[in-house]
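# Examination of the molecular architecture
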Amino acid sequence: MIRKIIIFILIVACCILQTTVFSLQSVTSVSPNLMIIITISIAFMQGKKEGILTGLISGLLIDFTYGSVYGFYGLLYMLVGYASGFFCQVYFDNDVKMPLILATVSDILCNFVVYVVFFLLRGRLAFAHFLMEIIIPEAVYTALMTLILYRLFYVINHALVNNQKKGRQSLWIKD
Amino acid sequence: MGLYDKEEEMKKNLNFLRQKLKSQHLLIILAIICIGLMAMTFSNGTNGRIRQVTNQFIVPFQNGVNKVGNLLGSWASGFRNVQALAAENEELKARVGDLTEENTRLSQSMSELDRLEKLYALDKEYPEYTKVAAQVISKDPGNWYNRFVINKGTKDNIAVDMNVIANGGLIGIVTEVGENWASVESIIDDESNISAMVASTSDTCIVSGNLGRMSSGKIDFSELRDDGNVVTEGTKIVTSSISTKFLTGLLIGYVSEVGDDSNHLTRSGTIIPAADFKNIREVLVIRELKQTKENS
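To start, this report covers the structure provided alongside it. (Residues numbered from 1 in each chain as written. Chains lettered and ligands numbered in written order. Predicted model: local features only at pLDDT ≥ 70, side-chain atom pairs only at ≥ 80, totals over all residues.)

## Thoughts on the overall build of chain B
Summing up its helical and strand segments, chain B has five helices and 12 strands in all. Here chain B holds 296 residues, and 30% of them are scored as buried. For chain B, the proportion of contacts with a sequence separation of at least 24, taken over those separated by at least 6, is 56%. (Helix = DSSP H or I, 4+ residues; strand = E, 2+ residues; numbered from the N terminus. Buried ≥ 20, exposed ≤ 12 C-beta atoms within 10 Å, placed from the backbone. Contact = placed C-beta atoms within 7 Å.)

## Digging into the pairing of strand 9 (residues 236–239) of chain B
Consecutive side chains of a regular strand alternate in pointing toward one face of the sheet and then the other. Residue and element names in this part refer to chain B. Where strand 6 (residues 193–198) and strand 9 come together, three bridges link them in antiparallel fashion. Across the sheet, valine 198 pairs through a bridge with isoleucine 237, a residue of strand 9. One ladder, built from three bridges, connects strand 9 with strand 10 (residues 251–260); its direction is antiparallel. The partner of valine 238 across the bridge, within strand 10, is leucine 251. (Pairing = 2+ DSSP bridges.)

## As for the interface of chain B and chain A
For interface size, the figure often reported is the accessible area lost on association. Chain B puts 43 residues into the contact, and the matching count from chain A is 41 residues. For the side of chain B that touches chain A, the elements supplying multiple residues, two or more each, are helix 2 (23–44), helix 3 (48–80), strand 1 (131–139) and strand 2 (147–150) of chain B. Counted by class, the side of chain B that touches chain A contains 22 nonpolar, 15 polar and six charged residues. (Nonpolar A, V, L, I, M, F, W, Y, C, P; charged D, E, K, R; others polar.)

## Describing the sheet that holds strand 4 (residues 169–177) of chain B
Residue and element names in this part refer to chain B. If you trace the six strands once around the closed barrel, you get 1-2-5-4-3-12, paired in antiparallel fashion. On average, adjacent strands in this sheet sit at an angle of 45° to one another, irrespective of strand direction. Where strand 4 lies against strand 5 (residues 182–186), five bridges are found, and the strand directions are antiparallel. Looking at the pairing, glutamate 176 lines up with serine 183 of strand 5. (Axes fitted to C-alpha atoms, helices over the stretch in contact; angles between N-to-C directions.)

## Details of the environment of A:Thr142
Looking at the element boundaries, A:Thr142 is found in helix 6 (residues 127–170). Here A:Thr142 is in contact with A:Pro32, A:Asn33, A:Ile36, A:Ile37, A:Ala103, A:Thr104 and A:Asp107, once residues within four sequence places are set aside.

## Let's talk about the packing of helix 3 (residues 48–65) of chain A against helix 4 (residues 72–85) of chain A
Residues and elements named next belong to chain A. Contact pair helix 3 / helix 4: the axes reach a minimum separation of 7 Å and the direction vectors enclose 155°. The orientation of helix 3 with respect to helix 4, classified from their angle, is roughly antiparallel. In this structure, helix 3 crosses over helix 4, and the sense of that crossing is right-handed. Contacts between helix 3 and helix 4 pair Lys48, Gly51, Ile52, Thr54, Gly55, Leu56, Ser58, Gly59, Leu60, Ile62 and Asp63 from the former with Phe72, Tyr73, Gly74, Leu75, Leu76, Tyr77, Met78, Val80, Gly81, Tyr82, Ser84 and Gly85 from the latter. (Parallel < 35°, antiparallel > 145°, perpendicular 65-115°, else oblique. Left-handed = near helix turned anticlockwise from the far one by under 90°.)

## A look at helix 3 of chain A
The end-to-end C-alpha distance of helix 3 of chain A, which contains 18 residues, comes to 26 Å, matching closely the 26 Å that a straight helix rising 1.5 Å per residue would cover. Buried residues dominate helix 3 of chain A, accounting for 17 of its 18 residues. (Expected span 1.5 Å × (residues − 1).)

## Considerations on the sheet that holds strand 11 (residues 267–273) of chain B
Residues and elements named next belong to chain B. The strand order around the closed barrel built from six strands is 6-7-8-11-10-9, with neighbouring strands paired in antiparallel fashion. Within this sheet the neighbouring strands show an average axis-to-axis angle of 40°, counted without direction. Bridging between strand 10 and strand 11 involves seven bridges; their strand directions are antiparallel. Along strand 11, the bridge assignment pairs glycine 259 with serine 268.

## Let's talk about the environment of B:Asn151
All names here are of chain B. For asparagine 151, the location among the structural elements is in the loop between strand 2 and strand 3 (163–166). When the C-alpha atoms of asparagine 151 and aspartate 227 are compared, they prove to be 45 Å apart, with 76 residues separating the residues in sequence. With near-sequence residues (within four places) excluded, asparagine 151 lies in contact with Asn63, Ala134, Gln135, Ile137, Asn180 and Trp181.

## A few points about the packing of helix 2 (residues 34–46) of chain A against helix 5 (residues 97–119) of chain A
All names here are of chain A. Running from N to C, helix 2 and helix 5 point in directions that differ by 130°, and their axes come no closer than 9 Å. If you check the angle between helix 2 and helix 5, you find them oblique. With respect to the hand of their crossing, helix 2 and helix 5 are arranged in right-handed fashion. Residue-level contacts link Ile36, Ile37, Ile40, Ser41 and Phe44 of helix 2 to Met98, Pro99, Leu102, Ala103, Ser106, Asp107 and Cys110 of helix 5.

## Remarks on unusual backbone geometry
The general pattern is negative phi for most residues beyond glycine and trans for most peptide bonds. Residues and elements named next belong to chain B. Phi is positive for serine 202, which is not a glycine, with a value near 60°. Mapped onto the elements, serine 202 comes out in the loop between strand 6 and strand 7 (204–208). Look at serine 202 and you get exposed, because 11 C-beta atoms sit within 10 Å. If you check the backbone angles, glutamate 223 has positive phi at about 60° while not being a glycine. With respect to the helices, strands and loops of the structure, glutamate 223 is situated in strand 8 (residues 219–224).

## Observations concerning helix 2 of chain A
Turn by turn, an α-helix covers 3.6 residues, leaving residues three or four places apart pointing in a common direction. Counted at 1.5 Å a residue, the expected span for helix 2 of chain A with its 13 residues is 18 Å, and the 18 Å between its end C-alpha atoms agrees. Immediately beyond the C-terminal end of helix 2 of chain A, within one or two residues, lies A:Gly47, with a positive phi of roughly 100°.

## Structural notes on the nonpolar core
Core analysis: the largest hydrophobic core is formed by 103 residues, its most contacted members being A:Met78, B:Ile150, B:Ile171, B:Val207, B:Ile252 and B:Val283. Per-element tally for this core: the top contributor is helix 2 of chain A, with 10 residues. Composition of this core by domain shows at least three residues from each of domain 1 (11–44) and domain 2 (129–289) of chain B. Not counting residues up to four positions away in its chain, the partners in contact with B:Val283 are B:Ala134, B:Val136, B:Ile150, B:Val164, B:Ile165, B:Ala166 and B:Ile171. (Core = buried A, V, L, I, M, F, W, Y, C linked by C-beta atoms within 7 Å. Domains from an automatic or database assignment.)

And the structure:
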């Protein structure tokens, strides 16, 4: 329970940071996608179910604060969480390569979907332009932030899971 | 005893359910909920109440983080820029001199204008609007849109469709408003289209944001009927009198490139906005709505 509450607080903190500190440098600049980082980190460490829930909550938070269509980012990030959950089987302690690849790939894919749904369908055909101006810079920035944030999430999650396991062992219940 | 048994049974059922509920099922259930939400927004538009509740929680934090950020930023820049500031101070002092001179000249012609206006019984064309200053506290989390939230809302009599300006140029329009926040869609947003006109000739055109031009800082204009080819580089573009939401005569920017359309009737090109969108921190909201002004 405590772990869930802390993860929820982390998600909200990511949302606030993303909309304030990282964006306000300048309104026209590109900011990293912290919500994707937390979604894939939790999914990679904890599996599909938690990935789904983390993605859903992060996505809905974006929808409810800024989105134009409720549920769109919720669905998108939930799928990202679910897909990243498959890689939980190859989860090794403190290995940053896998989350790095996951974050970059899912960031690019999500932005591609956003482009198709909100821009291509309105007749904005210059994909190459959007790719160079937004998708690639955001992916690079997100990858860099993953290097830092994944370590942080790993430490927090590790501490919380250990705490939970200790509690269980004391009651002689097998995990 | 029986009650206890029931409780125990329910707990067992719940545990069973929790184990049985596979991630695929969870995904499908939640996806259906999300699609339902989307369908809801498509049929009724975005539900304001949900946003009100979320922002009620989030805005105070954003405000706080922003204050700390500004404080740190001003400290850092304070230490860094002493010399630059001194130079700037010199420059500004010189400018104040120039402007004072110009001001006296203008006030003289202003009094003459007043006199003439009285003579001809003309109303002032551009009334002074009441404005309120607000700080930008957060921005759209993605990079696809140019919307931001300011820290003033209904408490300061801000309403939807009020125009927002900063350093002399039009920034955007209020699209949603809460108790202590308001969200603003800027004119450089890809979905923004506003009716504008050439300041000198009153020929109308449409100004629209274009995400593809974001890095060059320009926006598009199109559908300009310009029979005498008056519009050249540097022509002033302002909001038009036929726009339903934007007040008349707010400066949008200056023409940067212009060319004939393939139909040889209209012209289109790009505009450099007058407002500096690269660092918007404080904006002014004009507390006057075009619609009510016309109705009254």
